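These are the residues of each chain, in order.
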Amino acid sequence: MTRIPDREAVSRAIADAEAGTTARIHVALLDDERLDDPLGRARTIFSWLDRGEDAGVLMLVAPRARRFAVLGDDVIHELAGDELWQSVTAEMTSHFAGDDVEGAILRGLDVLGDALRRHRPAGTLPA
Amino acid sequence: MSAIAARGVLASALFAVAIAVAPVLAADFPIPPVPHTYVTDGTGSLSSATTDALESELKSYEKQTGNQVIVWIGQTTSDVPLEDWTSTVAHAWGIGHKGKDDGVVLFVFMKDHRARIEVGYGLEGDLPDAKASEIMRNVIVAKMKSGDVDAAVSGGVASILTTITPSFASNVPAADLAASSNDDESSPAWLPFLIFGIFFGVWILVFVLRRVGGKGTGWGGGWIASSSGGSDFSGGSDFGGGDFSAGGGDFGGGGASGGW
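Residues numbered from 1 in each chain as written. Chains lettered and ligands numbered in written order. Predicted model: local features only at pLDDT ≥ 70, side-chain atom pairs only at ≥ 80, totals over all residues. Heavy atoms only, no water.

Student: Is there a simple way to think about the overall build of chain B in this case?
Tutor: When helices and strands are tallied, chain B shows 7 helices and 7 strands. When its helices and strands are written in sequence order, chain B yields α-β-α-β-α-β-β-α-α-α-α-β-β-β. In chain B, which comprises 260 residues, the share counted as buried stands at 43%. Once local pairs closer than 6 in sequence are excluded, the contacts in chain B between residues at least 24 apart make up 69%. (Helix = DSSP H or I, 4+ residues; strand = E, 2+ residues; numbered from the N terminus. Buried < 20%, exposed > 50% of the residue type's maximum accessible area, 1.4 Å probe, protein only. Contact = heavy atoms within 4.5 Å.)

Student: Sorry, what's going on with unusual backbone geometry here?
Tutor: Residue and element names in this part refer to chain A. A positive phi is found at Arg66, a non-glycine position, where the angle reads about 55 degrees. Residue position: Arg66 is located in the loop between β2 (56-62) and β3 (67-72). Residue classification places Arg66 among the exposed positions, given a relative accessible area of 54%.

Student: For this particular structure, what's the right way to read the side chain of Glu102 of chain A?
Tutor: Position of Glu102 of chain A among the secondary structure elements: in helix α4 (residues 101-119). Not counting the four nearest positions on each side in its chain, Glu102 of chain A is found in contact with Arg3, Ile4, Pro5, Asp6 and Ala9 of chain A.

Student: Which parts of the structure should I look at to understand the pattern of salt bridges?
Tutor: Two side chains bearing opposite charge may form a pair once their charged atoms approach each other closely. For the structure on display, the rule yields 8 salt bridges over all chains. Linking Glu91 of chain A and Arg107 of chain A is a salt bridge whose minimum nitrogen-to-oxygen distance equals 3.0 Å. Of this pair, Glu91 of chain A sits in helix α3 (residues 74-97) while Arg107 of chain A sits in helix α4; the two residues are 16 residues apart in sequence, bridging distant segments of the chain. We note a salt bridge from Lys131 of chain B to Glu134 of chain B, for which the minimum N-O separation is 3.3 Å. Here Lys131 of chain B pairs with Glu134 of chain B, and both are found in helix α4 (residues 129-145), just 3 residues apart, close to one helical turn. Judged by its relative accessible area of 29%, Lys131 of chain B falls in the partly exposed class. We classify Glu134 of chain B as partly exposed; its relative accessible area is 34%. By sharing partners, the salt bridges in this structure join Glu91, Arg107 and Asp110 of chain A into a single network. (Salt bridge = Lys/Arg side-chain N within 4 Å of Asp/Glu carboxyl O.)

Student: Is there a simple way to explain the pairing of β3 of chain A in this structure?
Tutor: Side-chain positions along a regular strand alternate between the two faces of the sheet. Residue and element names in this part refer to chain A. In the sheet, β2 pairs with β3 via 6 bridges, with the strands oriented antiparallel. Within the sheet, the bridge partner assigned to Ala62 lies in β3 and is Arg67. Linkage of β2 to β3, two consecutive antiparallel strands, is achieved through a turn of 4 residues, within which Arg66 is found at a positive phi near 55 degrees. (Pairing = 2+ DSSP bridges.)

Student: Can you help me understand the packing of aromatic side chains in this one?
Tutor: Residues and elements named next belong to chain B. Under the criterion given, the structure shown has 8 aromatic pairs over all chains. Centroid distance Trp72 to Trp85: 5.5 Å. Interplanar angle 40 degrees. Geometry classified as tilted. Separated by 13 residues along the polypeptide, Trp72 in strand β2 (residues 68-74) and Trp85 in helix α3 (residues 82-93) bring together distant segments of the chain. On the basis of relative accessible area, Trp85 is assigned to the buried category, the value being 6%. Relative to Phe109, the ring of Trp85 lies with its centre 5.0 Å away and its plane at 85 degrees, an arrangement referred to as edge-to-face. A residue pair is termed long-range when its members are at least 10 positions apart, and Trp85 in helix α3 and Phe109 in strand β3 (residues 103-109) qualify at 24 residues. (Phe/Tyr/Trp six-rings, centres within 6.5 Å; stacked < 30°, edge-to-face > 60°.)

Student: Please clarify how α4 of chain B should be interpreted in this entry.
Tutor: Every α-helical turn comprises 3.6 residues, leaving residues that sit three or four positions apart pointing alike. Residue and element names in this part refer to chain B. The largest bend in α4 amounts to roughly 35 degrees and is located at Met136. Of all the positions in α4, only Ala132, Ser133, Ile135, Met136, Ile140, Val141, Ala142, Met144 and Lys145 are classed as buried. Looking one or two places after α4, you find Gly147, whose phi comes out positive at around 80 degrees. (Bend = angle between axes of the 7 residues up to and from the residue.)

Student: What exactly am I supposed to notice about helix α1 (residues 7-18) of chain A here?
Tutor: When the terminal C-alpha atoms of α1 of chain A are compared, their 16 Å separation across 12 residues agrees well with the 16 Å that a helix rising 1.5 Å per residue should span. Residues of α1 of chain A that are buried: Arg7, Ala9, Val10, Ser11, Ala13, Ile14, Ala17 and Glu18 of chain A. (Expected span 1.5 Å × (residues − 1).)

Student: Is there a simple way to think about the nonpolar core in this case?
Tutor: Side chains of nonpolar character tend, in soluble globular proteins, to be buried together. All names here are of chain B. Membership of the largest hydrophobic core comes to 46 residues, with the highest contact counts inside it found for Trp93, Val104, Phe107, Ile117, Leu127, Ile140 and Val153. Every element with two or more residues in this core is listed here: α2 (48-65), β2, α3, β3, β4 (114-119), α4 and α5 (149-164). Element by element, the count of residues in this core is highest for α5, at 7 residues. (Core = buried A, V, L, I, M, F, W, Y, C linked by side-chain atoms within 4.5 Å.)

Student: What is the right way to look at the confidence of the model for chain A in this model?
Tutor: Caution applies to low-pLDDT regions: their predicted coordinates should not be interpreted in detail. Averaged over all residues, the pLDDT of chain A is 81; the fraction at 70 or higher stands at 87%. When mean pLDDT is compared element by element in chain A, α4 of chain A scores highest at 91, while helix α2 (residues 38-48) of chain A scores lowest at 74. (pLDDT = per-residue confidence, 0-100.)

Student: How do you make sense of the confidence of the model for chain B when you look at a structure like this?
Tutor: On average, residues of chain B score 66 in pLDDT, and 53% of them are at 70 or above. Below pLDDT 50 for its whole length, residues 1-26 of chain B participates in 32 contacts with residues either more than four positions away or in separate chains.

Student: Is there a simple way to explain the environment of Asp148 of chain B in this structure?
Tutor: Examined against the element boundaries, Asp148 of chain B turns out to sit in the loop between α4 and α5. Separated by 102 residues in the primary sequence, Asp148 of chain B and Leu46 of chain B have C-alpha atoms spaced 9.2 Å apart.

Student: When you look at the environment of Val88 of chain A in this model, what are you seeing that I'm missing?
Tutor: Residues and elements named next belong to chain A. Relative to the elements of secondary structure, Val88 occurs in helix α3. Accessibility expressed as a relative area gives 0% for Val88, which makes it buried. Between the C-alpha atom of Val88 and that of Ala69, which follows or precedes it by 19 residues, the distance is 9.8 Å. When near neighbours in sequence (up to four residues on either side) are disregarded, Val88 contacts Val70, Gly108, Val111 and Leu112.

Below you can see the structure in the form of structure tokens.
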């Protein structure tokens, strides 16, 4: 069966991805067996996150339901656009296909971190 | 037909107690109307399937055990502290039966991201604060954090019922419940033992499976990870860690609160 992603490893990867950008990243792992609307669920969780003053991204993964979603707020969406979400999900999908959930999350965070550093480097003023 | 009658009895019982208690009460915030149903969701957060399933489950639970467990979902307690609000309201409503105080209310406040299990004195022994806290933390808050209100509430209710009444088979399909309640009068004396036996067997089986399964099974309710300090979701070792506060017990017995 699919290995459960290690929370500590994911937290470290989040810290790496956030280095050099002011944006905040969160990862939610769900144990749902079915998830028909991952993006809708991501929106719900996103609305609960304390995002502080700067832009944020939420990556939602439900391994048992084999669904995931990556959601960013308006600020990041305006800067990075659809292109970012497409590239992150494409990278993640290839890992998911090999049942490598943790790998998918870590790779997705990597891609996100690179993009956020480009679009939202640390030191920029909040939009 | 009997369903309507049962609901009527519940409503009138609640009203009678409420009228008796209300004048004594000095709340400085408006008390919501006494619920007419076991599940009251003023926020539309629960799916109608879950509402219906819980409604019939809680009804059959009260029929079997005499304990009244209800669910009430609202948006906010405004500037009233959660525990003050819920204990005052639970008292004003007079949930449970007069003299026995055998009621439990699961309050959920969507806008506040807070919930509380309010336990009547009569059930404190069966549902002590520590156990209510556990249910709040491991079931309700965990599921709320993952955005699944239906699972949070129905999982919370199922845990409350089976904690108070270990022999209550909360997952029995509705058809089975109807069948067994139809011949309540003629139930053989050994039936409770059989039910207990089955429950006990399942419990042992679950226990054994858990031991055998070890670390690899289950997703442990999931988690939300962030690296940023200061957020509710950072750090901690499991879901609902940092922002959990155990119940007060200043009014009406006790319970547990949690936030997500």
